[in-house]
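# Coordinates in review
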Amino acid sequence: MTSAKETHKTVECPTCKKQAIWGPENPWRPFCSERCKLIDLGEWFEERHRIPDRSPPEDQE
Ligand SMILES: [Zn+2]
């Protein structure tokens, strides 16, 4: 009888460097959590869509 018990494969979370489970129970892989995934996505999003600092002109004549 074969055991269905599998050892969890883990990967290093790119955001926080913790061990993240690589498996169906972790929909956010290779991240350890949704938060880490969002942080990472937010970083590349900012990188690609860098919003120029357009502060309104102070001295209007
Ligand atoms: Zn993480």
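Shown above is the structure to which this text applies.
This one's a predicted model, so the numbers in the text were calculated from it and none came from an experiment.

For the rest of this paragraph, the subject is the overall build of the protein. Counting its regular elements, the protein contains one helix and two strands. Beginning at the N terminus, the succession of helices and strands in the protein can be written as β-β-α. Sequence separation of 24 or more characterises 4% of the internal contacts of the protein that already satisfy a separation of 6 or more. Roughly 6000 Å² of accessible area belongs to the protein as shown, and the carbon and sulfur atoms make up 53% of that amount.

So, on to the coordination of the zinc ion. Of the protein atoms, only C13 (SG), C16 (SG), C32 (SG) and C36 (SG) coordinate the zinc ion, at distances of 2.3 Å. Seen from the zinc ion, its four donor atoms lie at angles of 104 to 118°, and the figure they make is tetrahedral. Site description for the zinc ion: donor spacing in sequence, C-x2-C-x15-C-x3-C. Remark: C36 occurs in helix α1 (residues 34-48) and C13 occurs in the loop between β1 (9-12) and β2 (19-22); sequence separation between them is 23 residues.

What follows covers unusual backbone geometry. Following R29, the chain continues into P30 via a peptide bond in cis, with omega recorded as 5°. Relative to the helices and strands, P30 is located in the loop between β2 and α1. At K17, a residue that is not glycine, the phi angle is positive and equals roughly 65°. Residue placement: K17 occurs in the loop between β1 and β2.

The rules behind the values
- Residues numbered from 1 in each chain as written.
- Predicted model: local features only at pLDDT ≥ 70, side-chain atom pairs only at ≥ 80, totals over all residues.
- Heavy atoms only, no water.
- Helix = DSSP H or I, 4+ residues; strand = E, 2+ residues; numbered from the N terminus.
- Contact = heavy atoms within 4.5 Å.
- Areas by Shrake-Rupley, 256 points an atom, 1.4 Å probe, with all protein chains shown as cover.
- Donors = N, O, S within 2.8 Å, 3.2 Å for Na, K, Ca; no water.
- Tetrahedral: all angles 85-135°; square planar, octahedral: opposite > 155°, others 65-115°.

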